[in-house]
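Here is what each chain is made of, one letter per residue.
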Amino acid sequence: MTQPLRVLYVTPELSPWVKAGGLGEVARELPAALAREGVDVRVLVPAYPALRAALKAAPVAAIHAPGGELPASQLLEAHGAVPLYLIECDACYGRPGSAYQSPEGVDWPDNDLRFGLLSRVAALLGSAASPLDWKPDVVHCNDWQSGLAPAYLAFTAGPRAATAMTVHNLAYQGLFPASRLAALALPEAAFRIEGLEYYGKISFLKAGLHYAGQLTTVSPTYAREILTPQLGFGLEGLLRRRAQDLTGILNGIDTGVWDPSRDAHLAAPYDGAHLERKRLNKTALQRALGLPQSSEAPLLGMVSRLVEQKGVDLVPGIAPMLVRARAQLVVLGQGEAKLENALRALAAGYPRAIAVRIGFDETLAHRIEAGADLFLMPSRFEPCGLNQLYSMRYGTPPVARRTGGLADSVVDASEANLRAGTATGFTFEAPTRAALRAAVKRALDAYRQPETWRFLQLNGMARDWSWGPAARATVEVYRRALAVSSRA
Ligand code: ADP
Ligand code: GLC
């Protein structure tokens, strides 16, 4: 019998305990799906206080200070369907706040060391010097926080794991001053254009993109978009040179957690055969957010990190139209103060039509998916996007910009797509208020045609977004990574 493929999956976030966005969810679900495909996968993640509190973990190895200013740490193991390795290092991770920021929302000043350590330990576990008997065939990195691992491995002598790097978002690059090279125990030889240098700085993300054997990103359309100057964030040249090694794989979702018929967060669970019960969730949501409890008023929902990427600044442009159409809007999000304030002001200006909640609230996120009639995602770019997948599954057709994973998952309710029976939502092209308004108008018109509406809802609910296809495509990427490394 052949050995199962051994993969170390490296992540800075892990849902439900430590999650800033979609990466936390993917890091929980893709490894589980890989395990179902027969991969011997283990996850490496910093031992944040929330993980230490939630998991029973025992020490398995001491890790000496790996050089530079990177501190010593201890590796803990927690058992489960997917085994976890936690890096315990109080100097780096033993603090309150999110994975990246203080409770006040400011990036930790030593994030280079915190994620340099994550990357360094990943590389160690992928090398012959690993203190563990279990040696991965592939080290799979995610986003800039583990981007240095392929660089460390490239400068490691002896047998070592192949590497794959997934980009969840090219906008976050992990840039630090060149003077930190020695602190991160990186060789001078890595600091060049054909390496991890990016306009005079150290780029964790570029390190991953340059040194990893295979690259993936989270949708086929985003894989093409990042080859262009518009969405390549200055890395399009490197990515174009590596286009043969880059695969776009659409994320799946946890269809158990996001299931309107079994969702414990909802006032009234429902399925396609009992769509009328969705209305009870709408009334409950209106009541909870202090909006008039009207079942006729079309209710738009939005759940989002409040950052430029998500097109939040386009939203005020639809307010007058919503009022004219007697529609309502609820927004849940947190992020940049400027955008939070703009939304607060919008709600204050239209108290009977618009409700805004600033904060991170898992329960309310589920209730909005279920209670809204339409889901808004006007993203300027969107590598994959999970909310549109949740909303389709909840019979809440999305209004989304045609970009990245939104383009790959939402089928516009054009005449042709309606006739073909494939439509699931509304898409628009230009990142402008006018284009968003036109798409929302089309959606509101369709909402007033019950048959068309029901058809859209049921179509979306019937789509299968489970993880199997993504896991199988990822296994193919591992095989290519192994083939590349055996030729090196
Ligand atoms: P991104 O990772 O860019 O933020 P995704 O759509 O991939 O975008 O994933 C976002 C995830 O985070 C979704 O599950 C979404 O519901 C959740 N989320 C975002 N903001 C909030 C919030 N304020 N409260 C609760 N959940 C949120
Ligand atoms: C990033 C992207 C988002 C994607 C998520 C998970 O945060 O912004 O589009 O869904 O990663 O891959």
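This one's a predicted model, so the numbers in the text were calculated from it and none came from an experiment.

**Student:** Sorry, what's going on with the sheet that holds strand E13 (residues 299–306) here?
**Tutor:** Note on sheets: strands pair through backbone hydrogen bonds, and any given pair is parallel or antiparallel. On the basis of which strands lie adjacent, the open sheet formed by six strands has the order E15-E14-E13-E16-E17-E18 and parallel pairing. Of all strands in the sheet, those with a lone pairing partner are strand E15 (354–358) and strand E18 (426–428), marking the two edges. Each neighbouring strand pair of the sheet contributes to a mean axis angle of 20 degrees, computed without reference to strand direction. Inspection of the sheet shows strand E16 (residues 374–377) paired to strand E17 (residues 398–401) by three bridges, in the parallel sense. Its bridge partner being in E17, Leu 376 is matched across the sheet by Val 399. Against the sheet, helix H11 (residues 337–349) engages E13, strand E14 (328–335) and E15, with an angle of about 150 degrees to E15.

**Student:** Any chance you could explain the sheet that holds strand E1 (residues 6–10) here in plain terms?
**Tutor:** Reading across the sheet, the nine strands line up as E3-E4-E5-E2-E1-E6-E7-E11-E12 and stay open at both edges, with mixed pairing between neighbours. Looking at strand neighbours, the two that pair on one side only are strand E3 (58–63) and strand E12 (246–248), the edges of this open sheet. Sheet twist, expressed as the average angle between the axes of neighbouring strands with direction ignored, equals 25 degrees. Alignment of E1 against strand E2 (residues 40–46), held across five bridges, turns out to be parallel. Its bridge partner being in E2, Leu 8 is matched across the sheet by Arg 42. Each of E1, E2, E3, strand E4 (73–78), strand E5 (84–88) and strand E6 (138–142) is contacted by helix H4 (residues 111–125), which is oriented at about 150 degrees to E2, the strand it contacts most. Across the face of the sheet, helix H6 (residues 204–211) comes into contact with strand E7 (162–167) and strand E11 (214–217) while running at roughly 130 degrees to E7.

**Student:** Help me understand the nonpolar core, please; the structure alone is not making it clear to me.
**Tutor:** Soluble globular proteins tend to bury their nonpolar side chains together. Counting 95 residues, the largest nonpolar core has Leu 8, Leu 44, Leu 75, Leu 170, Leu 184, Leu 196 and Leu 209 as the members making the most contacts within it. The element best represented in this core is H4, accounting for nine residues. If we ignore the near neighbours within four places in the chain, the residues touching Leu 209 are Met 165, Val 167, Leu 170, Leu 215, Leu 235, Leu 238, Leu 239 and Arg 242.

Here is what the cut-offs are and how they apply
Residues numbered from 1 in each chain as written. Chains lettered and ligands numbered in written order. Predicted model: local features only at pLDDT ≥ 70, side-chain atom pairs only at ≥ 80, totals over all residues. Heavy atoms only, no water. Pairing = 2+ DSSP bridges. Helix = DSSP H or I, 4+ residues; strand = E, 2+ residues; numbered from the N terminus. Axes fitted to C-alpha atoms, helices over the stretch in contact; angles between N-to-C directions. Contact = heavy atoms within 4.5 Å. Core = buried A, V, L, I, M, F, W, Y, C linked by side-chain atoms within 4.5 Å. Buried < 20%, exposed > 50% of the residue type's maximum accessible area, 1.4 Å probe, protein only.

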